[in-house]
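Listed here are the chains, written in short residue letters.
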Amino acid sequence: MVTSHDGDPPGHAEFNAVFERHYDAVYNYARRRVGPDLADDVASEAFVVAWRRRDRVPADRELPWLYSCARRITLATLREIRGRGEVPTPPEQLWRDSPDDAEQVIRRQSALTALAGLSDTDRELVMLVTWEGLSSREAARVVGCAPVTARGRLHRARRRLQALMDDTARPASDTPDREEASWTTSPRFARS
């Protein structure tokens, strides 16, 4: 192995800068998906893979690459847990237990319940954009779909989240009947 004049392998300083800049984000990503007990393992393994493949990590776009790597490690970890006959911690419990600014939001619980009602890929896209701060293009790369597909899925997921949140926030007696649904009372569809 070639080393620099200070004894470190080539690229070590640059990699350390990437590690310092992104470790907390990758750890938080993993914590929200596998819990605090496994998050450090997932984040550490993602950086081990990044070190081994450092020549393939896109410069200035390391975080989406690291999220994609952490996602694959997370999915493998969850498969391993299920393979041992154990039940992974449900996502809603992981989110409820995580310290987050969202704790201050009044509708937090209904939002988390609604989020848990989405498909795995839609939930992952929403979380990548909302919690991890990625663009829809970057989130598409992480989950392995086309950017236009991600934008469409995000749009539908946000509408579904809003509908689910509205349903959980509204008491059963306030549910409008079919005649009073908002789409039928729109001026565009009003009966004459």
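So, here is what we can say about the structure in this document. All figures in this text were calculated on a predicted structure; none of them were measured in a lab.

### Re helix α2 (residues 36-52)
Item 1. Look at α2: 25 Å from first C-alpha to last across 17 residues, which is about the 24 Å you get at 1.5 Å a residue.
Item 2. Listed in full, the buried residues belonging to α2 are Ala39, Val42, Ala43, Ala46, Phe47, Val49 and Ala50. Relative to the axis of α2, the buried residues are bounded by an arc of 155° and lie together on one face. Seen from the buried face of α2, the exposed residues on the opposite side, beyond 90 degrees, are Asp37 and Arg52.
Item 3. At its buried positions, α2 is contacted by α1 (12-34) and α3 (62-83).

### A closer look at the pattern of salt bridges
Item 1. Inspection of the entire model under this criterion finds nine salt bridges.
Item 2. Measuring nitrogen to oxygen at the nearest pair gives 3.1 Å for the salt bridge that ties Glu86 to Arg84.
Item 3. As a salt-bridge pair, Asp122 and Arg153 come within 2.6 Å of each other at their nearest N and O atoms. Taken together, the residues span a long stretch of sequence, with Asp122 in helix α6 (residues 120-130) and Arg153 in helix α8 (residues 147-169) at a distance of 31 residues.
Item 4. A relative accessible area of 15% means that Asp122 is categorised as buried.
Item 5. In this structure Arg153 comes out as partly exposed when scored by relative accessible area, which is 25%.
Item 6. Through salt bridges that share partners, Arg32, Arg33, Arg71, Glu124 and Glu132 make up one connected network.

### Some details on the side chain of Glu62
Item 1. Examined against the element boundaries, Glu62 turns out to sit in helix α3.
Item 2. If we skip the residues at most four places from it in the chain, Glu62 touches Val18, Arg21, His22 and Val57.

### Examining the packing of aromatic side chains
The way to describe two aromatic rings as a pair is by their centre distance and the angle between their planes.
Item 1. This structure, assessed with the given rule, holds seven aromatic pairs.
Item 2. Between the aromatic rings of Tyr23 and Phe47, the centroid separation amounts to 5.8 Å while the plane-to-plane angle is 35°, which identifies the pairing as tilted. Of the two residues, Tyr23 sits in helix α1 while Phe47 sits in helix α2, which places them 24 residues apart along the sequence.
Item 3. For Tyr23, a relative accessible area of 14% gives the class buried.
Item 4. Geometrically, the ring pair formed by Tyr29 and Tyr67 is stacked, given 5.0 Å between the ring centres and 25° between the ring planes. With a gap of 38 residues between them, Tyr29 in helix α1 and Tyr67 in helix α3 connect regions that are remote in the sequence.
Item 5. On the accessibility criterion, Tyr29 (0% relative accessible area) is buried.

### Overview of the packing of α1 against α3
How two helices sit against one another is set out by the angle between their axes and by the gap between those axes.
Item 1. With their axes 10 Å apart at the nearest point, α1 and α3 run at an angle of 35° to one another. Considering how the two elements wind past one another, α1 and α3 form a crossing that is right-handed. Between α1 and α3, the contacting residues are Val18, Arg21, His22, Ala25, Val26, Tyr29, Arg33 and Val34 on the first element and Glu62, Leu63, Leu66, Tyr67, Ala70, Arg71, Thr74 and Leu78 on the second.
Item 2. Looking at the contact of α1 with α3 residue by residue, the classes come out as ten nonpolar, two polar and four charged.

### Topic: the environment of Asp55
Item 1. With respect to the element layout, Asp55 can be found in the loop between α2 and α3.
Item 2. Asp55 gets classed as exposed once you look at its relative accessible area, which sits at 66%.

### Regarding unusual backbone geometry
Both trends apply: most residues other than glycine have a negative phi, and most peptide bonds are in trans.
Item 1. We note that Asp60 has phi near 65°; this positive angle belongs to a residue other than glycine.
Item 2. Mapped onto the fold, Asp60 is located in the loop between α2 and α3.
Item 3. Judged by relative accessible area, which is 73%, Asp60 ranks as exposed.

### Remarks on the layout of surface pockets
Item 1. Each pocket or cavity is described by its volume, and for the largest pocket that value is around 430 Å³.
Item 2. Taken together, 20 residues line the largest pocket, and the ones lying closest to its centre are Arg33, Leu75, Leu78, Asp120 and Arg123.
Item 3. If you list the elements that add at least two residues to the lining of the largest pocket, you get α1, α3, α4 (91-97) and α6.
Item 4. If one sorts the elements of the lining of the largest pocket by residue count, α3 sits on top with six residues.
Item 5. Among the residues forming the lining of the largest pocket, the class breakdown is ten nonpolar, two polar and eight charged.

Basis of the calculations
- Residues numbered from 1 in each chain as written.
- Predicted model: local features only at pLDDT ≥ 70, side-chain atom pairs only at ≥ 80, totals over all residues.
- Heavy atoms only, no water.
- Helix = DSSP H or I, 4+ residues; strand = E, 2+ residues; numbered from the N terminus.
- Expected span 1.5 Å × (residues − 1).
- Buried < 20%, exposed > 50% of the residue type's maximum accessible area, 1.4 Å probe, protein only.
- Arc of directions from axis to C-beta.
- Contact = heavy atoms within 4.5 Å.
- Salt bridge = Lys/Arg side-chain N within 4 Å of Asp/Glu carboxyl O.
- Phe/Tyr/Trp six-rings, centres within 6.5 Å; stacked < 30°, edge-to-face > 60°.
- Axes fitted to C-alpha atoms, helices over the stretch in contact; angles between N-to-C directions.
- Left-handed = near helix turned anticlockwise from the far one by under 90°.
- Nonpolar A, V, L, I, M, F, W, Y, C, P; charged D, E, K, R; others polar.
- 1 Å grid on protein atoms, 1.4 Å probe; cavity = no way out; pocket = protein on both sides within 12 Å on 5 of 7 lines; lining within 4 Å.
- Points joined across faces, edges and corners; volume = space filled by probe spheres on them.

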